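Each chain, written out:
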Amino acid sequence: MSEAVAFLDLKAQQRRIEPALRARLEAVLAHCQFVLGPEVVELEQRLAAYAGAAHCVTVSSGTDALQIAMMAEGIGRGHAVFLPAFTYTATAEVPLVLGATPVFVDVDPATFQMDVEDLRRRIASVRAQGVLRPRAVVGVDLFGQPAPWAALREVAEGEDLFLLDDCAQSFGASLGGRKLGREADATAISFFPSKPLGAYGDGGALLTQSAERAALYRSLRTHGEGASRYEVLRTGMNGRLDTLQAAVLLAKLDVFEDELAARGRIAAIYDDVLGEARGVRVPARVPDSESAWAIYAILLADGGARDGVQAALRAAGVPTAVYYPRALHQQPAYAPHHTGGALPVSEDLATRILALPIHPDLSEGQARRVAAAVRAAT
Ligand SMILES: *Cc1c(COP(=O)(O)O)cnc(C)c1O
């Protein structure tokens with residue numbers, strides 16, 4: 001009964017895919033093309049086909065994917081980039097690294113995704129102040145679920161803003177029956193080991209329908225090179241995905257759909273056991289979507305209740321995590337750049353959200369044990 005529950009179990013996954021994984025790694029060791037080798041090309045083709053995107057350019061991380069996408073648009077000093085206050089730090093870090101200013105937008109209390117009405121208000125307010133020029137909106141597909149893309153596209157088109165999908169957590173999710181990857185002008189994904197499709201180190205990719213953007217991304221990831229090597233057209237970076245990581249990802253891509261289904265079964269068990277539990281709110285679904293279930297986050301009544309549930313679960317051998325303990329505008333690094341006042345929903349979520357274990361190698365029995373422990377603690 002007390003088989004330990006892991007928050008994430010990369011060893012179990014490795015055992016499941018070991019022969020394919022080793023064959024892929026052996027192939028790279030045989031050809032020794034460690035940078036931009038054939039596995040990188042194959043992976044780009046497979047990812048584009050999977051997401052129904054015209055172009056895929058792999059890069060060195062999800063963060064670098066965001067950065068290359070913004071560099072390609074010339075985003076920098078004096079520009080406002082609108083993004084949710086409740087997300088991972090990288091979303092806000094990239095505009096600052098480029099000299100631009102992140103403008104934090106609140107999120108929806110039920111789905112945790114960007115609040116489009118608040119986005120409209122904040123764009124209007126930045127325009128009225130006349131100091132920063134609005135340039136881009138970054139929609140984040142938080143925890144595996146899609147951002148409200150139809151509404152975000154309408155805002156971006158109406159305001160003439162670049163629309164970037166930070167899909168780092170949610171590759172594999174779908175909206176309106178199609179996989180994420182072409183909801184925005186460009187889509188950034190991450191292969192950090194704990195993401196639904198994870199490498200054995202850092203990695204990322206950009207998807208886009210635009211051949212011009214894809215060509216720019218390829219140039220920027222290799223120091224801004226032109227058609228010939230050592231012709232430098234623009235300031236770029238060293239932002240390529242290693243061939244060994246592409247090999248790992250190709251082995252994992254073969255089982256990705258099965259893993260997404262397994263994550264969905266865990267989520268359904270949590271919903272089933274916790275949906276009616278007092279003092280617990282299970283995650284609301286974004287309409288007409290399928291989640292990649294990167295994270296299954298419940299809301300407790302308040303911070304004290306969260307501490308209690310976390311401690312009870314720890315005692316029962318169940319690890320949990322808090323994504324995110326602070327909204328980004330409350331972080332010491334970002335607070336000095338924030339002039340937009342309170343973001344009440346993001347601030348409140350940070351005090352009482354709690355993530356339960358969810359991964360493809362969690363058994364249904366373990367999921368029931370986790371859910372029962374949450375029920376017993378509330
Ligand atoms: C993980 C993550 C990133 C960054 O991806 P890395 O590959 O770790 O650089 C960016 N945005 C969000 C929302 C993420 O969760």
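Quick look at the structure, then. Every value quoted in this text rests on a predicted model; they were computed, and no experiment measured them.

Here the focus is a nonpolar patch on the surface. Judged by side-chain polarity, Leu-29, Phe-34, Val-35, Leu-36 and Leu-244 come together as a nonpolar surface patch covering roughly 410 Å² of accessible area. Mapped onto the fold, Leu-36 is located in the loop between helix 1 (10–31) and helix 2 (38–51). According to the relative accessible area criterion, Leu-36 is partly exposed, its value standing at 36%.

Turning our attention to the pairing of strand 12 (residues 296–300). Of all five residues in strand 12, five are buried; the element is thus mostly enclosed. Side-chain alternation along strand 12 places Tyr-296, Ile-298 and Leu-300 on one buried face and Ala-297 and Leu-299 on a second face that is also buried. Two elements, strand 10 (residues 280–281) and strand 12, share two bridges in a ladder whose sense is antiparallel. Within strand 12, the residue paired with Arg-281 across the bridge is Leu-299. Where strand 12 and strand 13 (residues 353–356) come together, four bridges link them in antiparallel fashion. Bridging from a neighbouring strand, Ala-297 pairs with Ala-355 of strand 13.

The next thing to look at is the sheet that holds strand 11 (residues 289–290). Adjacent strands of a sheet pair through backbone hydrogen bonds, lying either parallel or antiparallel. Taken in spatial order, the three strands make up an open sheet running 7-6-11, and their pairing is antiparallel. On the outer flanks of this sheet lie strand 7 (178–179) and strand 11, each paired with one strand and no other. Looking at chain direction, strand 6 (residues 174–175) and strand 11 are connected through two bridges and run antiparallel. Counted as the bridge partner of Leu-175 is Ser-289 from strand 11.

Right, let's get into the sheet that holds strand 1 (residues 55–59). One open sheet accounts for seven strands, arranged 1-9-8-5-4-2-3; its pairing is mixed. Where the open sheet ends on each side, the last strands, each with one partner, are strand 1 and strand 3 (101–105). Strand-to-strand twist across the sheet, computed as the mean angle between neighbouring axes with direction ignored, equals 25°. Here strand 4 (residues 133–140) pairs with strand 5 (residues 162–166) via five bridges, running parallel. When the sheet's bridge partners are listed, Val-140 is paired in strand 5 with Asp-166. The sheet contacts of helix 7 (residues 211–221) involve strand 1, strand 5, strand 8 (186–190) and strand 9 (204–208), and relative to strand 1 the element is tilted by about 15°.

Evaluation of the coordinates by the stated rule reveals 19 salt bridges. With a shortest N-O distance of 2.9 Å, Arg-24 and Glu-42 are connected by a salt bridge. You can see Arg-24 sitting in helix 1 and its partner Glu-42 sitting in helix 2, a full 18 residues away along the chain. Classification of Glu-42 as partly exposed rests on a relative accessible area of 28%. Note that Glu-117 is salt-bridged to Arg-120, the shortest N-O span being 3.4 Å. Of this pair, Glu-117 and Arg-120 both sit in helix 5 (residues 116–129), separated by three residues, roughly a single helical turn. The class of Glu-117 is partly exposed, set by a relative accessible area of 46%. Take Arg-120: its relative accessible area is 33%, and that puts it in the partly exposed class. Taken together, the shared-partner salt bridges connect Arg-16, Glu-259 and Asp-361 into one network.

To continue, consider the packing of helix 10 (residues 303–315) against helix 12 (residues 364–377). Interaxial distance between helix 10 and helix 12 falls to 9 Å at its minimum, and their mutual angle equals 135°. Judged by the inter-axis angle, helix 10 sits oblique to helix 12. Our pair here, helix 10 against helix 12, has a crossing hand that is right-handed. For the pair formed by helix 10 and helix 12, the contact residues are Val-309, Ala-312 and Leu-313 on the first element and Val-370, Ala-373, Val-374 and Ala-377 on the second. For the contact of helix 10 with helix 12, the residue count by class is seven nonpolar, no polar and no charged.

Take the site of the ligand next. In the region of the ligand, 15 residues are neighbours, and Gly-62, Thr-63, Asp-166, Ser-190 and Lys-195 sit closest. At 2.5 Å, a side-chain N or O of Thr-63 approaches an oxygen atom of the ligand. Surface burial for the ligand is 94%, taken as the share of its 380 Å² of free accessible area covered by protein chains. Listed by contribution, the elements that provide at least two residues to the shell around the ligand are helix 3 (62–72) and helix 4 (90–97). Across the shell around the ligand, the residue classes break down as five nonpolar, eight polar and two charged.

A complete count under the given rule lists 12 aromatic pairs for this structure. Measuring from centroid to centroid gives 5.7 Å for Tyr-50 and Phe-256, while their planes differ by 50°, and the two rings are tilted. Pair noted here: Tyr-50 is in helix 2 and Phe-256 is in helix 9 (residues 256–274), with a separation of 206 residues, a long-range link. Of the two residues examined, Tyr-50 and Phe-256, each falls in the buried class. Arranged with centres 6.0 Å apart and planes meeting at 75°, the rings of Phe-112 and Phe-143 form a pair that is edge-to-face. One end of the pair, Phe-112, is in the loop between strand 3 and helix 5; the other, Phe-143, is in the loop between strand 4 and helix 6 (149–159), with 31 residues separating them in the sequence. Exposure class is identical for Phe-112 and Phe-143. Each is buried. Counting every residue linked through ring pairs, the aromatic cluster contains Phe-7, Phe-86, Phe-112, Phe-143, Tyr-323 and Tyr-324.

Scoring rules and cut-offs
- Residues numbered from 1 in each chain as written.
- Predicted model: local features only at pLDDT ≥ 70, side-chain atom pairs only at ≥ 80, totals over all residues.
- Heavy atoms only, no water.
- Patch = residues over 30% accessible without salt bridge, like charges linked within 9 Å, V, L, I, M, F, W, Y side chains within 5 Å.
- Areas by Shrake-Rupley, 256 points an atom, 1.4 Å probe, with all protein chains shown as cover.
- Salt bridge = Lys/Arg side-chain N within 4 Å of Asp/Glu carboxyl O.
- Helix = DSSP H or I, 4+ residues; strand = E, 2+ residues; numbered from the N terminus.
- Buried < 20%, exposed > 50% of the residue type's maximum accessible area, 1.4 Å probe, protein only.
- Pairing = 2+ DSSP bridges.
- Axes fitted to C-alpha atoms, helices over the stretch in contact; angles between N-to-C directions.
- Contact = heavy atoms within 4.5 Å.
- Parallel < 35°, antiparallel > 145°, perpendicular 65-115°, else oblique.
- Left-handed = near helix turned anticlockwise from the far one by under 90°.
- Nonpolar A, V, L, I, M, F, W, Y, C, P; charged D, E, K, R; others polar.
- Near = heavy atom within 4 Å.
- Polar contact = N/O pair within 3.5 Å; in protein donor to acceptor, adjacent residues only side chain to side chain.
- Phe/Tyr/Trp six-rings, centres within 6.5 Å; stacked < 30°, edge-to-face > 60°.

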